[in-house]
Amino acid sequence: MAPTRGYAEILEGLREPMPQTGLPADQVIRDLDEAVRGGLMAFNHGRFFGWVIGGAMPAGVAADWLVTAWDQNTGMAEIAPSLSAVEALTAEWLLELLDLPRSSSVAFVTGAQVANLVCLAAARHRVLAEAGWDVEADGLTGAPQVTVLAGEFVHHSVGRAVRILGLGESRIVTVAADDNARMRPDALREALSRVSGPAIVCVQAGEIATGGIDPLAALADIVDERRTHAPTWLHVDGAIGLFGRASHTLAPKFSGAERADSWCTDAHKWLNTPYDCGVAIVADRDAHYQAMTLHAAYLPQPGDARDPLDWNPEMSRRARATAVYATLRALGRSGVAELVERDCAMAQLLAEGIRALPGAEVANEVELNQVLVRLKDPAGLDDDAHTRATLARLQTSGVAFPSGTTFRGRAAIRFSVVDWATDTDDIAETLEALAEAHTRWG
Ligand SMILES: *Cc1c(COP(=O)(O)O)cnc(C)c1O
């Protein structure tokens with residue numbers, strides 16, 4: 001499951017001068033397939049729990065192959081009418097599935113990093129427009145100060161988006177979180193009371209380590225209060241968790257999310273589509289459009305159809321929504337709900353098994369599909385070192401692949417249950433391998 005050969009060795013194996021003459025395509029492909037062996041990870045596996053990666057379901061994979069074979073440039077509807085139509089319908093389906101305002105605009109981008117960027121560009125447009133400033137035309141020099149507020153455990157991609165947008169990553173006002181990495185409403189209220197002028201509040205649905213879901217309804221109340229007297233935008237980073245809203249059982253955990261101004265999520269994580277596919281959703285279509293639109297004399301002029309280039313920071317682009325369309329059609333709402341519910345149930349089962357293991361501790365409240373594990377050093381010396389060593393043994397066991405982190409200053413093993421194939425047998429085998437790695441020390 002883990003690579004058996006490293007980057008340097010693989011690069012060495014590949015290395016040759018830029019070829020002066022070509023080779024037959026079938027030979028190129030055969031050689032390539034051989035050269036990368038041992039350096040690929042089994043992402044598409046029921047016992048792969050690393051980072052938040054997830055597999056890819058057959059319908060989406062096949063649709064993605066078609067996208068490659070068709071070789072369509074889906075920047076504009078007039079240039080690629082079929083796949084622009086597929087994208088427009090997929091956007092409608094997602095709003096229905098995630099139960100977000102149906103009039104929202106949607107962009108299919110490379111991942112949640114870019115989705116955060118698009119959402120925050122729309123946010124920057126709106127809060128500055130309300131303050132009487134046209135940021136697209138006039139830039140930030142001389143503009144009213146925009147304050148970005150984010151939780152203590154905000155994902156680093158939000159920081160990078162803020163940096164690219166010229167709002168200054170180190171100017172982000174950090175709002176304290178609770179034990180499960182959820183933003184504290186009292187802390188947001190307090191932080192906002194000290195901010196005047198335009199503000200953008202970034203919350204999250206699914207924290208990277210704990211899976212913690214911010215108390216969205218309480219946070220939305222605070223933002224709504226502030227909206228009455230100052231330009232304020234609420235953004236939800238739902239890269240990990242937002243698809244939980246497809247399940248009637250899980251949806252209450254995300255209640256209040258629908259009151260935000262923008263949301264980002266990843267189809268390539270929990271929806272199990274192939275890479276690359278993030279989704280940016282913006283309630284204020286005009287803000288989204290103003291922040292992203294582009295037109296030129298040499299391109300078809302805007303018509304009635306939805307042109308993807310009005311919503312993305314891209315011109316030429318692959319038809320990445322097609323795999324989302326195929327996956328949604330193959331699963332249906334019930335299939336998506338079943339997928340997310342099963343993964344959450346498997347995370348609970350894993351946590352139960354870990355709690356029953358002597359010397360093992362579940363270090364988070366398992367709200368969603370992430371499980372953090374700490375292990376006691378049987379020699380009584382160094383729990384951090386023992387936890388890291390157990391992780392390394394587990395990763396090379398070939399049975400299961402979690403990844404690691406440091407949470408609140410302590411080492412932890414991190415299981416992210418996002419694969420469509422994970423079942424009870426996978427959890428049983430994973431627990432066995434964990435117990436073995438934990439007891440086989442020294
Ligand atoms: C993965 C992730 C991102 C970034 O998503 P990419 O698809 O890797 O660009 C952003 N926010 C959160 C919470 C994530 O888990």
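How each quantity is defined
- Residues numbered from 1 in each chain as written.
- Predicted model: local features only at pLDDT ≥ 70, side-chain atom pairs only at ≥ 80, totals over all residues.
- Heavy atoms only, no water.
- Helix = DSSP H or I, 4+ residues; strand = E, 2+ residues; numbered from the N terminus.
- Rg over C-alpha atoms; globule rule 2.2 N^0.38 Å.
- Lys, Arg positive; Asp, Glu negative; His and termini not counted.
- Charge placed at Lys NZ, Arg CZ, Asp CG, Glu CD.
- Near = heavy atom within 4 Å.
- Polar contact = N/O pair within 3.5 Å; in protein donor to acceptor, adjacent residues only side chain to side chain.
- Areas by Shrake-Rupley, 256 points an atom, 1.4 Å probe, with all protein chains shown as cover.
- Pairing = 2+ DSSP bridges.
- Axes fitted to C-alpha atoms, helices over the stretch in contact; angles between N-to-C directions.
- Core = buried A, V, L, I, M, F, W, Y, C linked by side-chain atoms within 4.5 Å.
- Buried < 20%, exposed > 50% of the residue type's maximum accessible area, 1.4 Å probe, protein only.
- Contact = heavy atoms within 4.5 Å.
- Parallel < 35°, antiparallel > 145°, perpendicular 65-115°, else oblique.
- Left-handed = near helix turned anticlockwise from the far one by under 90°.
- Salt bridge = Lys/Arg side-chain N within 4 Å of Asp/Glu carboxyl O.
- Expected span 1.5 Å × (residues − 1).

**Q** I'd like a description of the overall build of the protein, backed by residues and values.
**A** Helix and strand counts for the protein come out as 13 helices and 12 strands. For a compact globule of 442 residues, the expected C-alpha radius of gyration is about 22 Å, and the protein comes in at 23 Å, within 12% of that figure. With the C-alpha coordinates aligned to their principal axes, the bounding extent of the protein is approximately 65 × 65 × 45 Å. Considering the protein, the positive charge centre built from 38 side chains and the negative charge centre built from 58 side chains are found 3 Å apart.

**Q** Can you tell me about the site of the ligand, naming the residues and giving the values?
**A** The environment of the ligand is made up of 13 residues, and the closest members are Q113, D237, D266, H268 and K269. A distance of 2.8 Å separates an oxygen atom of the ligand from a polar atom in the backbone of Q113. One nitrogen or oxygen atom from the side chain of K269 is found 2.8 Å from an oxygen atom belonging to the ligand. Protein chains bury 83% of the 380 Å² of accessible surface belonging to the ligand in isolation.

**Q** Can you explain the sheet that holds strand 2 (residues 105-109)? Please cite residues and give values.
**A** Spatially, 7 strands are ordered 2-8-7-6-5-3-4 in an open sheet, and the strand pairing comes out mixed. Whereas interior strands pair on both sides, the edge strands pair on one side only; in this sheet they are strand 2 and strand 4 (173-175). Strand-to-strand, the axes of this sheet are offset by a mean angle of 20°, without reference to chain direction. The pairing of strand 2 with strand 8 (residues 278-282) spans 5 bridges and is antiparallel. Looking at the pairing, V106 lines up with I281 of strand 8.

**Q** An account of the nonpolar core is requested, with residue identities and associated values reported.
**A** Judged by nonpolar contacts, the single largest core of 55 residues is most densely connected at F108, L149, L188 and F243. Secondary structure elements with two or more residues in this core: helix 4 (81-97), strand 2, helix 8 (185-193), strand 5 (199-204), helix 9 (216-227), strand 6 (232-237), strand 8 and helix 11 (321-355). The element that contributes the greatest number of residues to this core is helix 11, accounting for 8 residues. In contact with L149, not counting residues within four places along its chain, are I172, V173, V175, L188, A191, L192, V195, A199, I200, V201 and C202. Of all hydrophobic cores here, the second largest spans 34 residues; its members include L117, A122, V146 and A280.

**Q** I'd love a proper account of the sheet that holds strand 1 (residues 48-49), names of residues and values included.
**A** Read from one edge to the other, the open sheet built from 5 strands follows the order 1-11-12-10-9, with strand pairing classed as mixed. The open sheet terminates on both sides in strands that have one partner only, identified here as strand 1 and strand 9 (360-362). For strand 1 and strand 11 (residues 401-407), the ladder comprises 2 bridges, and the chain directions are parallel. Residue pairing in the sheet places F49 in a bridge with P402 of strand 11. Most of the contacts of helix 12 (residues 383-396) go to strand 12 (residues 410-416), to which it runs at about 30°, and overall it touches strand 10 (370-375), strand 11 and strand 12.

**Q** Residue-level account of the packing of helix 3 (residues 58-70) against helix 11, with values.
**A** Axis angle and axis distance: for two packed helices, these are the angle between their axes and the distance between the axes, and together they describe the pair. Relative to each other, helix 3 and helix 11 sit at 150°, their axes nearing to 8 Å. Viewed along their axes, helix 3 and helix 11 adopt a mutual orientation that is roughly antiparallel. Seen along the crossing, helix 3 lies across helix 11 with a hand that is right-handed. Every residue of helix 11 that contacts helix 3 at A59, G60, A63, D64, V67 and W70 is listed here: T322, A323, A326, T327 and A330.

**Q** Please set out the pattern of salt bridges residue by residue, giving values where relevant.
**A** Evaluation of the coordinates by the stated rule reveals 30 salt bridges. With a closest N to O distance of 3.0 Å, D426 and R47 form a salt bridge. Highlighted residues: D426 in helix 13 (residues 424-439) and R47 in the loop between helix 2 (25-35) and strand 1, separated in sequence by 379 residues. Taking relative accessible area as the criterion, R47 reaches 13% and is therefore assigned buried.

**Q** Hey, could you go over the pairing of strand 8 for me, with residue numbers and the actual values?
**A** With 5 of its 5 residues buried, strand 8 lies for the most part within the structure. Neither face of strand 8 is open: one carries G278, A280 and V282, the other V279 and I281, and all of them are buried. By the bridge criterion, 5 bridges tie strand 7 (residues 262-266) to strand 8 in an arrangement that is antiparallel. Within the sheet, the bridge partner assigned to W263 lies in strand 8 and is I281.

**Q** Let's hear about helix 13: which residues, and what values?
**A** Under the 1.5 Å per step criterion, the end-to-end length of helix 13 is 23 Å for 16 residues, consistent within 8% with the ideal 22 Å. Regarding helix 13, the residues found buried are D426, I427, T430, L431, A433, L434, A437 and H438. Buried residues along helix 13 sit against strand 1, helix 11, strand 9, strand 10, helix 12 and strand 12. Sitting at the head of helix 13, D423 places a side-chain oxygen 3.1 Å from the backbone nitrogen of D425.

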